[in-house]
Amino acid sequence: MFASNSRGLALQLSNHLKRLQSTLVLAEHNNEKLIPITQNAISAAKKIGGDISVLVAGTKCAPVAAQLSKASGVSKILLAENDAFLGFTPETLTPLVLATQKQFNFSHIVAGASAFGKSVLPRIAAKLNVSPITDIIDVKAPDTFVRTIYAGNAILTLKSKDPVKVVTIRGTNFEPAPLEGGSASTEQAAAGDYKTDVVQFVGQELSKSDRPELTSAKVVVSGGRGMKSGDNFKLLYDLADKLNAAVGASRAAVDAGFVPNDLQVGQTGKIVAPELYIAVGISGAIQHLAGMKDSKTIVAINKDPEAPIFQVADYGLVADLFKVVPELTSKL
Ligand SMILES: Cc1cc2nc3c(=O)[nH]c(=O)nc-3n(C[C@H](O)[C@H](O)[C@H](O)COP(=O)(O)OP(=O)(O)OC[C@H]3O[C@@H](n4cnc5c(N)ncnc54)[C@H](O)[C@@H]3O)c2cc1C
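Residues numbered from 1 in each chain as written. Predicted model: local features only at pLDDT ≥ 70, side-chain atom pairs only at ≥ 80, totals over all residues. Heavy atoms only, no water.

### Notes on the sheet that holds strand 1 (residues 22-26)
Here is the rule we go by: Pairing between two strands is assigned when DSSP locates at least 2 bridges connecting them. Counting from the N terminus, the helices are DSSP H or I runs at least four residues long and the strands are E runs at least two residues long. Angles shown run from 0 to 180 degrees and are taken between the N-to-C directions of axes, each axis being a line fitted to C-alpha atoms and, for helices, limited to the stretch in contact.
With respect to topology, 9 strands assemble into an open sheet ordered 7-6-5-8-4-1-2-3-9, the strand pairing being mixed. Only two strands of the sheet have a single neighbouring strand rather than two, namely strand 7 (154-159) and strand 9 (185-188). Sheet twist, expressed as the average angle between the axes of neighbouring strands with direction ignored, equals 35°. For strand 6 (residues 144-149) and strand 7, the ladder comprises 6 bridges, and the chain directions are antiparallel.

In structure tokens, the structure reads:
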């Protein structure tokens, strides 16, 4: 009788263990708007199971907290408004997260693997004396995660024995949690003096664009060294406008000064997985593929039939981009 019930018992136990999990998600925002990767992080937290709280820290972020309180699956919003958090520096945010952790004893601390998450979470992990688990693409169990290594050429499943799992998630691998259907309560986060002399936020220069944001765009048009100059990127902007696409670039294009570096796609740039990725004048180096090979459909335009990009492209056109890109744009 025990044997026949053992599966049910195991299931009950695993559900019970899931309930014991409690995750703190660090919200990423600019005080006015939520950055969408936060919604992907909430979905990852749901997959871990258990209770989800979201920490919203900034200088004036009550509107973002209000927006997040509607996210389905979130039970609590912790709001921390303080001038110290100007520029979202890890040095000021870490003591806040540690104070919050001391108060609630979360089993998991999660953020998106964006520049923000990548800068804050490893510092928190070091302070908690645990190993950070970075850029996960799946959750197998509350202690077992999947991530890529070697620029996306191997998949690693890892089991963490740390008491607190500090995890960044790859936004493109988790659906965004909708900002509706939920009704989380909002509380003030642990108060404290979070000012520091260690670091000072001086200012920022953001590239302004009306196009969709690169990491969440449904269509991305990217240019490489084959574009030859920054001026020629106009061809890609025109094509992108027809497709409501974001524009990306290879590192060679960035290094040559054709476009700013926040457009870089790849191992050391952004990871994208749009419905459609159009690579124009890009050879398809392994470090570039690391950032886009999970795209649903890949189109390559390159005059070299041997270019490695054709090995991952669903549709390839061996042609001179200066001829075919304007043609394509005019036909759309
Ligand atoms: C540690 C490390 C990290 C890196 N990280 C990144 C990264 O994050 N992202 C990244 O992109 N790279 C990265 N790189 C660089 C990477 O190795 C390649 O050098 C880079 O991706 C090459 O860019 P590209 O394809 O634009 O240039 P190239 O390799 O020079 O390719 C240009 C392509 O344009 C084609 N072409 C030229 N003229 C035309 C034309 N008129 N019409 C059609 N096609 C044309 C050519 O046939 C060629 O295939 C990294 C490298 C290292 C070592």
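### Some remarks on the site of the ligand
To be explicit about the condition: We call a residue near a molecule or strand when any one of its heavy atoms sits within 4 Å of it. Any N or O atom pair separated by 3.5 Å or less is treated as a polar contact, with the protein-specific requirement of one donor-capable and one acceptor-capable atom, and with residues adjacent in sequence counted only for side-chain atom pairs. Method for areas: the Shrake-Rupley scheme with a 1.4 Å probe, in which residue coverage is limited to the protein chains shown.
Taken together, 26 residues lie near the ligand, and Arg225, Ser250, Thr268, Ser283 and Asn302 sit nearest. Asn302 has a polar side-chain atom sitting 2.7 Å from an oxygen atom of the ligand. A distance of 3.0 Å is found between a nitrogen atom of the ligand and a side-chain nitrogen or oxygen belonging to Asp320. Burial of the ligand by the protein amounts to 77% of the accessible area it has alone, namely 980 Å². Elements with a minimum of two residues in the shell around the ligand: helix 7 (251-255), helix 8 (286-289) and helix 10 (321-331).

### Some thoughts on the sheet that holds strand 14 (residues 315-318)
What counts here: Note on definitions: a residue-residue contact is assigned when non-hydrogen atoms from the two residues lie within 4.5 Å.
An order of 11-10-12-13-14 is seen for the 5 strands of this open sheet, with the pairing classed as parallel. Every other strand in the sheet has two partners, leaving strand 11 (246-249) and strand 14 as the edge strands with one partner each. Taking each pair of neighbouring strands and ignoring which way they run, the sheet shows an average axis angle of 15°. Sheet analysis places strand 10 (residues 219-223) next to strand 11, joined by 4 bridges and oriented parallel. Counterpart to Ser222 in the pairing with strand 11 is Gly248. Here helix 6 (residues 233-243) sits on the sheet and contacts strand 10, strand 11 and strand 12 (276-280); the angle it forms with strand 10, its principal contact strand, is near 175°.

### A word on the packing of helix 4 (residues 90-104) against helix 5 (residues 115-128)
Heads up, the condition is: Convention used here: angles under 35 degrees read as roughly parallel, angles over 145 as roughly antiparallel, angles from 65 to 115 as roughly perpendicular, and any remaining angle as oblique. Whether a crossing is left-handed or right-handed is set by the direction in which the near helix is turned from the far one by less than a right angle, anticlockwise for left-handed and clockwise for right-handed. Residues were grouped as follows: Ala, Val, Leu, Ile, Met, Phe, Trp, Tyr, Cys and Pro as nonpolar; Asp, Glu, Lys and Arg as charged; and all remaining residues, including Gly, as polar.
The interhelical angle for the contact between helix 4 and helix 5, taken along N-to-C directions, is 50°, at an axis separation of 9 Å. With respect to each other, helix 4 and helix 5 are oriented oblique. Once helix 4 is placed against helix 5, the crossing between them reads as right-handed. Across the interface between the two elements, Pro90, Glu91, Leu93, Thr94, Val97, Leu98 and Gln101 of helix 4 pack against Phe116, Ser119, Val120, Arg123, Ile124, Lys127 and Leu128 of helix 5. Considering only residue class, the contact of helix 4 with helix 5 consists of 8 nonpolar, 3 polar and 3 charged.

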